[in-house]
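Each chain is listed here by its residues.
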Amino acid sequence: MTAVRDVALVRVEGQAVLEVADDGPGLLPEVQDRIFVPFFSTKSGGSGIGLSLAHRIARLHGGSLVVASEPGVETVFTLRL
């Protein structure tokens, strides 16, 4: 199981920015390209709903949810609202 390494919440230009980082196995580029697609999952029992729903909710509120990952190093999710 991958553990969260760092969590940061700051205000940048009037927006709340939440970053969550881990030092797990990371995501391959082809997975990063699909991570927010509804019903896409890397887990055999996954539904692929969570990240796509969070991404859509962020956009509906005028924000964004993005991922940056380097395989074998880290993955960072950034939510801006």
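Everything below is about the structure shown above.
In this text, all values refer to a predicted model and were calculated from it rather than measured experimentally.

Novice: Even after reading the chapter, I still don't get the environment of Ser69, so can you show me in this structure?
Specialist: Mapped onto the fold, Ser69 is located in strand 3 (residues 64–70). By relative accessible area, Ser69 is classed as buried at 15%. For the pair Ser69 and Pro25, spaced 44 residues apart in the sequence, the C-alpha separation amounts to 9.3 Å. One polar contact links the side chain of Ser69 to the main-chain carbonyl oxygen of Glu74, over a distance of 3.2 Å. Engagement of the side chain of Ser69 in a polar contact is seen with the side chain of Thr75, the distance being 2.8 Å.

Novice: In this structure, what is going on with a nonpolar patch on the surface? I would like to understand it.
Specialist: Residues Phe39, Ile49, Leu53 and Ile57 make up a contiguous nonpolar surface patch of about 390 Å² in total accessible area. Residue position: Ile57 is located in helix 2 (residues 50–60).

Here is what the cut-offs are and how they apply
Numbering of residues begins from 1 in every chain and follows the order in which that chain's sequence is written. Residues qualify for local features only when their pLDDT is at least 70, as the model is predicted, and side-chain atom pairs are given and counted only at 80 or more; totals for whole chains, interfaces and linings, by contrast, use all residues. Excluded from the side-chain calculation are hydrogens and water; included are all heavy atoms of the structure. Under the scheme used here, helices are H or I runs from DSSP no shorter than 4 residues and strands are E runs no shorter than 2 residues, and both carry numbers assigned from the N terminus. When accessible area is computed with a 1.4 Å probe and restricted to protein chains, residues below 20% of their type maximum are described as buried, those above 50% as exposed, and intermediate ones as partly exposed. Counting of polar contacts relies on pairs of N or O atoms within 3.5 Å, with two restrictions inside protein: one atom must be capable of donating a hydrogen and the other of accepting it, and residues adjacent in sequence are counted only when both atoms are side-chain atoms. The patches reported here contain residues having more than 30% relative accessible area and no salt bridge. Joining distances are 9 Å for like charges and 5 Å for nonpolar side chains (Val, Leu, Ile, Met, Phe, Trp, Tyr). Here the open area of atoms and residues is found with the Shrake-Rupley method and a 1.4 Å probe, where only the protein chains shown may cover a residue. We define a salt bridge as a contact between a side-chain nitrogen of Lys or Arg and a carboxyl oxygen of Asp or Glu at a distance within 4 Å.

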